[in-house]
Amino acid sequence: MISAVNSKKINASSAVHIALLDQFIRLTQDTIVEQDDTFVRDSLVDLLSSLRNERADYAEIIGVSALNRAV
């Protein structure tokens, strides 16, 4: 029972993180397009990659949690 409650909390938290990351990813993408400075643009592209990786990590947590509940 405790495991199920913790799993729900982890999923809920991960979903919120994903939603925020999605917003930040969109903002970063929009900002990249507006940049004339190559250094700034490259820096933002690196940031975008990190944000996408972090989002994938949260999505994996939700997937693993869902799989664990099914077992």
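About the criteria used
- Residues numbered from 1 in each chain as written.
- Predicted model: local features only at pLDDT ≥ 70, side-chain atom pairs only at ≥ 80, totals over all residues.
- Heavy atoms only, no water.
- Helix = DSSP H or I, 4+ residues; strand = E, 2+ residues; numbered from the N terminus.
- Buried < 20%, exposed > 50% of the residue type's maximum accessible area, 1.4 Å probe, protein only.
- Contact = heavy atoms within 4.5 Å.
- Areas by Shrake-Rupley, 256 points an atom, 1.4 Å probe, with all protein chains shown as cover.
- Salt bridge = Lys/Arg side-chain N within 4 Å of Asp/Glu carboxyl O.
- Patch = residues over 30% accessible without salt bridge, like charges linked within 9 Å, V, L, I, M, F, W, Y side chains within 5 Å.
- Lys, Arg positive; Asp, Glu negative; His and termini not counted.
- Charge placed at Lys NZ, Arg CZ, Asp CG, Glu CD.
- Core = buried A, V, L, I, M, F, W, Y, C linked by side-chain atoms within 4.5 Å.

A. Inspection of the overall build of the chain at higher detail. In terms of regular secondary structure, the chain is built from two helices and zero strands. Classification of the 71 residues of the chain by burial places 18% in the buried group. Counting contacts in the chain only where the partners sit at least 6 residues apart, residues at least 24 apart contribute 63% of the total. Surface exposure of the chain reaches about 5,200 Å², of which carbon and sulfur atoms provide 59%.

B. Just the side chain of Thr 28, in detail. Its location among the elements puts Thr 28 in helix α1 (residues 2-34). By relative accessible area, Thr 28 is classed as buried at 3%. Excluding residues that lie within four positions of it along the chain, Thr 28 makes contacts with Leu 44, Leu 47, Leu 48 and Leu 51.

C. Seen up close, the pattern of salt bridges. In the structure shown here, the tally under the stated rule is one salt bridge. Of the charged contacts in the structure, one is a salt bridge between Asp 22 and Arg 55, with a shortest N-O distance of 2.4 Å. Remark: Arg 55 occurs in helix α2 (residues 38-70) and Asp 22 occurs in helix α1; sequence separation between them is 33 residues.

D. Local environment of a negative patch on the surface. Together, Asp 36, Asp 37, Asp 42 and Asp 46 line one region of the surface with negative charge. Relative to the helices and strands, Asp 42 is located in helix α2. A residue is classified by how much of its surface remains accessible, and Asp 42, at 43% relative accessible area, is partly exposed.

E. Region of interest: the nonpolar core. The biggest cluster of nonpolar side chains holds eight residues, and these are Ile 18, Leu 21, Ile 25, Ile 32, Leu 44, Leu 48, Leu 51 and Tyr 58. Elements represented by at least two residues in this core include exactly α1 and α2. Sequence-distant contacts of Leu 51, that is, excluding residues within four places in its chain, are made with Leu 21, Phe 24, Ile 25 and Thr 28.

F. Molecular detail of the environment of Gln 35. Structurally, Gln 35 can be placed in the loop between α1 and α2. Here Gln 35 falls in the partly exposed class, since its relative accessible area comes to 23%. For Gln 35, the residues in contact, after removing those within four places along its chain, are Val 40, Arg 41 and Leu 44.

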